[in-house]
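Coordinate analysis (summary)
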Amino acid sequence: RRSTTAGAPTSRAVTGVAGPMPSPARLATGAIGAAGLLIFLNYQYVLVKPHAIRPAEAFATHVLAQGPSPVAAEGLSEGLSEALAEEAAADENNVERISTLEAELTQLREQIVASSAAPVPVPMLALVKAVVTSGYAEKPCPYPCGPDGTCNRAIGECSCPPHRTGKNCAEPMFPACASMFGYKLQNAPCGLPEATFPLTCECAAQCDDANLLMRRMCFEHRAPGDSGRERTKRWLSGSSDERWTMTVLDSPAMLDLINERAEASRQAVQCSGNGIFMAQLPRWLDPHGPVTSIPPEKFNADGPQVCICMPTHWGDKCQHPMRSFATCLNRCNGRGRCVESVCACEEGFWGADCSLRVNPDGGYSLLDPPRPDHGVTAKVYVYELPGRFTTWLAAQSNAHEWTHSWWFYDNDISLHQRFLASPYRTANPEEADFFFIPLYRSLGAYTAGWGPGVITPKGWRAYTAAISFVNRTFPMWHKDEGKTHMMVITCDVGFGVLGQWRGKRFVHSSVLPEPLRGIKFIVQWGGEPTRAGHDLVIPPRTPPQEVFAAAGGEHPYSCAYNKQKPGTPRSPTSRGGSFFFFRGKIILDNPVYSQGVRQAVYRAHHQREGWIISDQSSRNFYYEMMTAVFCFAPTGWGWGQRVFEAILSGCIPVIMQSDNAQPFAHILPWHRFAVMLNESHIPNLHEILAAIPQSQVEAMQRTLSCVWPRLAFFSSPSQKEAFGKLSNIDSFEMMMLELSAHKAKARGELTRHAWDNATRMLVTDVCSCAMTPADMAAVSVPVLY
């Protein structure tokens, strides 16, 4: 167990103080100032908020400098009274406890005034300062969370299955969605990406208020003067993003039809009792509402009848619970049940993956996994946010193992899991160097309209909502206005928009909202507008097992793959395929896609002997890549997948991505295992590659045989099983090394250690590594921060 705890601190977290934290009633009269603070902090489990901590911290500072005084006591009492009044207004459940505390504070002020000249013992002052300046406290929930919920002790709210809240997680988050067309709905049909269970416009409006509404058609019928029409005006006259969201169908006939078919389905127990048996409804209509009927070519009530399932089921007879319900973060660490994609933790544990243990003497701690000796110095605090930012988005995805199903964009989920289980995580925000804010944009793109390749306005509202929640709920944001806070954006060009040509320069513009500009973003795109030295560029989560399995036993790195089929591995330098290889989208008539690079290379070289440049797919794609000498790695609409597929295949990547920094460019010797070119080299590309000496080609292939795990993620349970210890030296470890360099830079320290440790890692625990001492000696130090 970690020695550092969060929540109500004990003496173990405070240097020079022995024994458990004393009760205020036992403190000597001479320490009445410290005693008063401890009386207040005894109530932190119930009451404390950042604005209530600040007056207490100010008083502690005064006591340390001058000793207790009536003036300081008056300021403390008034400040706390104001803070507590705000608490009482915000939470009626705490009124009685707040009244008790206010009475004690009144008594405290009188005692301090009466004994203002008394000295305060130094050890106790050290304890008070350690407690108060942490500005952080555990917050219990005001009511039980029930068997399906867990108290989120960081924010004092129940962590419930999707769309539930309140006592015992029994209240609907969206009351208008709880009962529709005669069905009691446990989950609201806010974000069904494929199914079309009908929803009323009142339900849709409540989903939209929470930014969880996928593009849909909603049903209603209201009189012209009905105030309820105000709820749907946003979809009729709002921004283009809002008008895109919904089709409002005002049709009493359609409402009657749906109710009639729903009643008949229940009477006949059709669709396993989990859906409506009727003709398939369209998801939306163009042009967007208001409309009063569905065109006959879009809907025929007497056409083929199907089961339209409730949001908790799927299948041709709605016979299956959602597959996503069975998957939870880190499998709840074996300390809880998975309830509709959310962990319901056992007694004594809590957290998004039940990784936090409630300590008997107060606060909470983490179990400490083994810490690799990689020179990582950075520590990360992971925020525990409500499910609407994370796991709720998975519930209606119906994806099996949703934690690892969206690999093209899902590093936002994968990194959340890795940070939760990381040896570099801390439960004490005071010792953290960085703060991770989880938000599942990749899932929100498919279940809430947040945008896949480029973030939509709804997506940006999700980011700003998460920041706003952190800002008003936790004190850590205010230390540097979020500069040490991290979020993930896996879009094609990060937090930019798809580029365009401006003269001879291809430009991507930033669309980062003002509240987010100080944050450190983790992105998969290293070009504009990504900020070098501030943001982190990482690889996409390319699944290495797919690359290895496609190659059979011939893959040169097969020794690292525990599930490899029997075969004879190739040496890292043996080929047998094409000299230059590329298969993928080209789009000859679009000069914006790939910045025109794929098109130009195709036109100049696709007919060369020994070169494969094609937009035709191949069932042997990874095998062709593994047997090629050079693999073309351009951009697409944004970051390019081909770089990392080539590296995993042992093929030397020819990277032609102007102004796009590659992952960990400051701590990996890219120039030793990749050919870095730009558009000006396209006419002479064949001559440039042919001029590379065979000895240099083989040295680059040997370096690839060592470096490839550092540019892959081994995050899922199946990957950890298949690749064993490589999960200890993968891209997550490289990211932590780079964060350590950022930490050193911020403190004005040297960042050389990141390079030294990354170089040492090149030859550590990689069975395929074939680098020679001469290869290692040739690795030169790149430009550091």
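If you're wondering where the values come from, they're calculated on a predicted model, not measured in any experiment. (Residues numbered from 1 in each chain as written. Predicted model: local features only at pLDDT ≥ 70, side-chain atom pairs only at ≥ 80, totals over all residues. Heavy atoms only, no water.)

Focus: the sheet that holds strand E30 (residues 675–677)
Going by this rule: Strand pairing requires that DSSP identify at least two bridges connecting the strands. Numbering of helices and strands runs from the N terminus, with a helix taken as a DSSP run of H or I at least four residues long and a strand as a DSSP run of E at least two residues long. In this analysis an axis means a line fitted to C-alpha atoms, helices contributing only their contacting stretch, and an angle means the value between N-to-C directions, from 0 to 180 degrees.
On the basis of which strands lie adjacent, the open sheet formed by 5 strands has the order E27-E26-E28-E29-E30 and parallel pairing. Of all strands in the sheet, those bounded by a partner on one side alone are strand E27 (611–614) and E30. Direction aside, neighbouring strands of the sheet carry axes that sit 25° apart on average. Where strand E29 (residues 652–656) and E30 come together, 3 bridges link them in parallel fashion. Bridge assignment links Met656 to a residue of E30, and that residue is Leu677.

Describing helix H11 (residues 411–420)
Cut-off, in case you're wondering: For every residue, the accessible area (1.4 Å probe, protein chains only) is compared with the maximum for its type, and the residue is labelled buried under 20%, exposed over 50%, or partly exposed between those bounds. The contact rule is simple, with two residues in contact once any of their heavy atoms fall within 4.5 Å.
Buried residues dominate H11, accounting for 10 of its 10 residues. Taken residue by residue, H11 has Asn411, Asp412, Ile413, Ser414, Leu415, His416, Gln417, Arg418, Phe419 and Leu420 as its buried positions. Packed against the buried residues of H11 are strand E19 (380–382), strand E20 (434–436), helix H12 (441–447), strand E21 (485–489), strand E24 (520–523) and helix H21 (731–746).

Quick notes on the nonpolar core
Test applied: The criterion is simple. A nonpolar core is a set of buried Ala, Val, Leu, Ile, Met, Phe, Trp, Tyr and Cys residues joined through side-chain atoms within 4.5 Å.
Grouped together as the largest cluster of nonpolar side chains are 171 residues, with contacts concentrated most on Phe419, Phe521, Phe580, Phe630, Trp670 and Trp708. It is helix H13 (residues 457–473) that contributes the most residues to this core, 7 residues altogether. For Trp670, the contacting residues outside a window of four places in its chain are Val643, Phe644, Ile647, Ile655, Gln662, Pro663, Phe664, Ala665 and Leu711.

Some points on H21
To keep things clear, this is the line we draw: Helix span, expected: 1.5 Å multiplied by one less than the number of residues in the helix. Under the rule applied, a polar contact is a pair of N or O atoms within 3.5 Å (in protein, one hydrogen donor and one hydrogen acceptor; residues adjacent in sequence only if both atoms are side-chain atoms).
The first and last C-alpha atoms of H21 sit 22 Å apart over 16 residues, in line with the 22 Å expected at 1.5 Å per residue. Burial of H21 is extensive: 14 of the 16 residues sit out of reach of the surface. Where H21 begins, one side-chain oxygen reaches toward the backbone nitrogen of Phe732, 3.1 Å away; that side chain belongs to Asp730. Just past H21, the residue Gly748 takes up positive phi, approximately 75°.

Structural notes on the packing of H11 against H21
Quick reminder of the rule: Angles below 35 degrees are treated as roughly parallel, those above 145 as roughly antiparallel, those between 65 and 115 as roughly perpendicular, and all remaining angles as oblique.
As a packed pair, H11 and H21 sit with axes 11 Å apart at the nearest point and diverge in direction by 75°. Accordingly, the angle class assigned to the pair H11 and H21 is roughly perpendicular. Contacts between H11 and H21 involve Leu415, Arg418 and Phe419 from the first element and Phe732, Met735 and Met736 from the second.

Topic: the pairing of strand E10 (residues 275–279)
Burial analysis of E10 places 4 of its 5 residues in the buried class, which makes it a mostly covered element. Where E10 lies against strand E11 (residues 305–309), 5 bridges are found, and the strand directions are antiparallel. Within E11, the residue paired with Phe277 across the bridge is Cys307.

Let's talk about the pattern of salt bridges
Cut-off, in case you're wondering: Should a side-chain nitrogen of Lys or Arg be within 4 Å of a carboxyl oxygen of Asp or Glu, the pair is scored as a salt bridge.
Counted by the stated rule, this structure contains 17 salt bridges. A salt bridge links Asp148 to Arg337, with the shortest nitrogen-to-oxygen separation between them at 3.1 Å. Of this pair, Asp148 sits in the loop between helix H5 (122–132) and strand E1 (150–152) while Arg337 sits in strand E14 (residues 336–339), and the two are 189 residues apart along the sequence. For Glu430, the salt bridge goes to Lys479, with nearest N and O atoms at 3.4 Å. Of this pair, Glu430 sits in the loop between H11 and E20 while Lys479 sits in the loop between H13 and E21, placing them 49 residues apart in sequence. Residue Glu430 is classed as partly exposed on the basis of its relative accessible area, which comes to 33%.

Comments concerning unusual backbone geometry
The amide bond that connects Glu528 to the next residue, Pro529, takes the cis arrangement and shows omega of 0°. Although it is not a glycine, Phe181 sits at a positive phi angle of roughly 55°. Inspection of the secondary structure assignment puts Phe181 in the loop between strand E5 (179–180) and strand E6 (183–184). Despite not being glycine, Ser341 shows a phi value in the positive range, around 80°. With respect to the element layout, Ser341 can be found in the loop between E14 and strand E15 (342–345). By relative accessible area, Ser341 is classed as buried at 1%.

Overview of the sheet that holds strand E18 (residues 364–366)
Taken in spatial order, the 3 strands make up an open sheet running E16-E17-E18, and their pairing is antiparallel. Strands at the two margins of the open sheet, each flanked by one partner only, are strand E16 (349–350) and E18. Pairing of E16 with strand E17 (residues 356–358) involves 2 bridges; the strand directions are antiparallel. Along E17, the bridge assignment pairs Trp350 with Leu356.

Details of the state of the cysteines
Put simply, the rule reads: Disulfide: a pair of cysteine sulfur atoms within 2.5 Å of each other.
One pass over the structure, following the stated rule, counts 14 disulfides. A disulfide bridge connects Cys145 with Cys158, and the sulfur atoms are separated by 2.1 Å. One disulfide, between Cys145 and Cys158, carries an S-S torsion of -85° and so falls in the left-handed class. Placement of Cys145 in the loop between H5 and E1 and of Cys158 in strand E2 (residues 157–159) is noted, with a sequence separation of 13 residues between them. Judged by relative accessible area, which is 8%, Cys145 ranks as buried. Note that Cys190 is cross-linked by a disulfide to Cys207, the S-S spacing being 1.9 Å. Judged by the sign of its S-S torsion, about -60°, the cystine formed by Cys190 and Cys207 is left-handed. Taken together, the residues Cys190 in the loop between E6 and strand E7 (199–200) and Cys207 in helix H6 (residues 201–209) connect sequence positions 17 residues apart.

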